[in-house]
Amino acid sequence: HLQGLANFTVYTVTVATFNQDGVGPQTATDSIMTPETEPSAPREVEVVPITMATILVSWLPPDPTNGIILDYRVQVFTVASGELFATQTVAVGANEQEDVQLVNFSGLDLQNMEYWVSVSARTAAGRGPESDPVIVGMTPTEPPTTAEP
C-alpha cells in the first residue's frame, strides 16, 4: 500500500523483497497512474469592466488540476442580496488545458450595484471549490475632505 502519492500522476514501480539475507530479485518495472480527483480552485481570477453593463472575466487553470479539466463554471452574484445574477459554463477542449480562459457577462448595472464573481473547475471526479470572490461595481465615494486654513 503506497501513501502520499499525488493525484492524477504516473509513477514507475518496482517491487523487491527484503529480509535479513538482503534484497531479493526485483519485479519488472510497471507504471501506474493515480486516479483523478476534484480540482483545486482556478487561479488569478480577474474581472475587468468593459462598459457600465459588461464585464470580462479571465482566470488561469487550477494548480494542481488533479485531472483533466472538463469545464469551468463562472458565477456572478449581487453583493447586496447574495442572489445569483448569472452563470456560464465554459467547456474546455483537450488542447486548451493551459490557456487563459475568458468570458463576457452583460446586462449588469455596474454604476448602481456591486457584484462578486467566482470560478470553479470540474474534472471527471467532480467540481472543485470556488475561487476567492472578486468584487466589481460601484465603489463608495470618499467623504469630501476639508482643506485646513
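Right above here is the structure, for reference.
Since we're looking at a predicted model, the values are computed, not measured.

Cut-offs and rules
- Residues numbered from 1 in each chain as written.
- Predicted model: local features only at pLDDT ≥ 70, side-chain atom pairs only at ≥ 80, totals over all residues.
- Heavy atoms only, no water.
- Helix = DSSP H or I, 4+ residues; strand = E, 2+ residues; numbered from the N terminus.
- Contact = heavy atoms within 4.5 Å.
- Areas by Shrake-Rupley, 256 points an atom, 1.4 Å probe, with all protein chains shown as cover.
- Pairing = 2+ DSSP bridges.
- Axes fitted to C-alpha atoms, helices over the stretch in contact; angles between N-to-C directions.
- Buried < 20%, exposed > 50% of the residue type's maximum accessible area, 1.4 Å probe, protein only.
- Core = buried A, V, L, I, M, F, W, Y, C linked by side-chain atoms within 4.5 Å.
- Salt bridge = Lys/Arg side-chain N within 4 Å of Asp/Glu carboxyl O.

J.: So, the overall build of the chain: which residues are in play, and what are the values?
T.: Summing up its helical and strand segments, the chain has 0 helices and 12 strands in all. The order of α-helices and β-strands along the chain, N terminus first, is β-β-β-β-β-β-β-β-β-β-β-β. The contacts in the chain between residues at least 6 apart in sequence include a share of 56% that link residues at least 24 apart. Carbon and sulfur atoms provide 54% of the accessible area of the chain, an area that totals close to 9700 Å².

J.: How would you sum up the pairing of strand β5 (residues 43-49)? Please name residues and give values.
T.: Both β5 and strand β6 (residues 54-60) contribute to a ladder of 5 bridges, which runs antiparallel. Along β6, the bridge assignment pairs R43 with L60. Taking the residues between adjacent antiparallel strands as the criterion, β5 and β6 are bridged by 4 residues.

J.: Quick one: what's the story with the sheet that holds strand β9 (residues 101-106), residue by residue and with numbers?
T.: The strand order across the open sheet formed by 3 strands is β5-β6-β9, and the pairing between neighbours is antiparallel. What marks the edges here is a single partner per strand, and that holds for β5 and β9. When strand polarity is set aside, the average angle formed by the axes of neighbouring strands in this sheet is 20°.

J.: So what's going on with the pairing of strand β3 (residues 22-26)? Which residues, and what values?
T.: With respect to burial, β3 is a largely exposed element, only 0 of its 5 residues being buried. Sheet topology places strand β2 (residues 16-19) next to β3; 3 bridges connect them, and they run antiparallel. In the strand pairing of β3, F18 is matched with V23. Counting the residues that bridge the hairpin from β2 to β3 gives 2 residues.

J.: Pulling in residues and values, what's your account of the side chain of S58?
T.: Take S58: it is sitting in strand β6. Every residue in contact with S58, bar those within four places of it in the chain, is listed here: E44, V45, E46, V100, Q101 and L102.

J.: Please provide a residue-by-residue account of the nonpolar core, values included.
T.: One finds I55, V57, W59, V74 and F105 to be the most contacted residues of the largest nonpolar core, which totals 21 residues. Secondary-structure elements contributing two or more residues to this core are β5, β6, β7 (71-78), β8 (84-91), β9 and β10 (114-123). Among the elements that line this core, the one with the most residues is β10, at 4 residues. Look past the residues within four positions of I55 in its chain and what remains in contact with it is V47, V48, P49, I50, V76, V103, N104, F105, L108, L110, V117 and V136.

J.: If you had to explain the environment of T89 to someone new, which residues and values would you point to?
T.: Inspection of the secondary structure puts T89 in strand β8. Sequence-wise, T89 and D71 are 18 residues apart; in three dimensions their C-alpha atoms are separated by 6.6 Å.

J.: Explain the pattern of salt bridges to me, and be specific about the residues and the numbers.
T.: Side-chain pairs of opposite charge can arise whenever the charged atoms involved come near each other. For the coordinates displayed, the defined rule picks out 3 salt bridges. Between D71 and R122 there is a salt bridge, with its nearest N and O atoms 2.7 Å apart. Of the two residues, D71 sits in strand β7 while R122 sits in strand β10, which places them 51 residues apart along the sequence. Judged by relative accessible area, which is 7%, D71 ranks as buried.

J.: Hey, could you go over the side chain of T78 for me, with residue numbers and the actual values?
T.: Summarising the element assignment, T78 is placed in strand β7. Sequence-distant contacts of T78, that is, excluding residues within four places in its chain, are made with E83, F85, M113, E114, Y115 and W116.

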